[in-house]
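Observations on the model geometry
Residue strings, one per chain:
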Amino acid sequence: MFEKRISTLPRFLYLNTYAILLMFAGIGVGLIPLYRVSMWLLPAQLILFVICFRNSLKLFGSWKDKKRKYTVLMERNAREFRPESFSEYMQAPCGRLLVRVVLADLGRPGMYAELGKYRKSFAENLKSGCRPVKTVVYMNGEKL
């Protein structure tokens with residue numbers, strides 16, 4: 001039901017802005033004639049090009065997931081606006097773009113500023129990303 005609203009070219013381009021930027025950054029890095037300066041710079045240039053381009057392709061490949069997350073957010077907030085349902089998506093740049101699209105479709109674009117309280121700072125994200133996370137697996141209701 002909601003998926004048709006997001007499956008448009010402008011939405012695809014908007015939600016993949018970071019993928020497009022990474023792709024062009026990779027192309028830009030690849031086109032710099034560093035071989036004229038030193039042949040020793042070519043491996044670093046190639047590594048940077050591959051990193052940018054690979055991550056760009058990963059972001060483009062997550063389009064189906066973005067559509068699914070859009071549908072989930074729209075369903076959760078269609079009847080009653082629940083700000084806490086956006087907290088997970090406020091942690092990454094691509095997620096924040098998705099939040100903006102969902103809020104626009106819900107007719108609440110002004111609520112984005114209020115959702116800023118769910119966004120963690122760069123330092124907090126760095127701390128939580130560097131710590132091991134305990135994973136608990138449940139099988140048939142029993143903790144393994």
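Residues numbered from 1 in each chain as written. Predicted model: local features only at pLDDT ≥ 70, side-chain atom pairs only at ≥ 80, totals over all residues. Heavy atoms only, no water.

1. Things to note about the nonpolar core
As a reminder, the rule being used: Within this scheme, the nonpolar core is defined by two criteria: the residues are buried Ala, Val, Leu, Ile, Met, Phe, Trp, Tyr or Cys, and they are joined through side-chain atoms within 4.5 Å. When accessible area is computed with a 1.4 Å probe and restricted to protein chains, residues below 20% of their type maximum are described as buried, those above 50% as exposed, and intermediate ones as partly exposed. Secondary structure follows DSSP: runs of H or I at least 4 residues long count as helices, runs of E at least 2 residues long count as strands, and numbering of each begins at the N terminus. Working rule for contacts: check all heavy atoms of both residues, and any pair within 4.5 Å makes them a contact.
In terms of nonpolar packing, the biggest core is built from 19 residues, with Leu-15, Tyr-70, Phe-86, Leu-98, Val-99, Val-102 and Leu-103 touching the most fellow members. Of all the elements in the fold, those that place two or more residues in this core are helix H5 (63–77), helix H6 (93–106) and helix H7 (112–115). With 6 residues, the single largest contributor to this core is H6. In contact with Leu-98, not counting residues within four places along its chain, are Ile-6, Leu-15, Lys-66, Lys-69, Tyr-70, Leu-73 and Tyr-89.

2. Comments concerning the packing of aromatic side chains
Operational definition: By convention, a stacked pair of Phe, Tyr or Trp rings (six-membered ring in the case of Trp) has centres within 6.5 Å and planes under 30 degrees apart, an edge-to-face pair has planes over 60 apart, and any other such pair is tilted. Lysine NZ or arginine CZ positioned within 6 Å of the ring centre and within 35 degrees of the ring normal marks a charge as sitting over the ring.
Taken as a whole and judged by the stated rule, the model has 4 aromatic pairs. Taken together, a centroid distance of 6.1 Å and an interplanar angle of 20° make the contact between Phe-12 and Phe-60 stacked. A residue pair is termed long-range when its members are at least 10 positions apart, and Phe-12 in helix H2 (residues 9–15) and Phe-60 in helix H4 (residues 42–61) qualify at 48 residues. For Phe-60, a relative accessible area of 24% gives the class partly exposed. In textbook terms, an aromatic cluster arises when at least three aromatic residues are bridged by ring pairs, as seen for Phe-12, Phe-60 and Trp-63. The positively charged end of Arg-100 is found above the aromatic ring belonging to Tyr-112, 3.9 Å away from the centroid.

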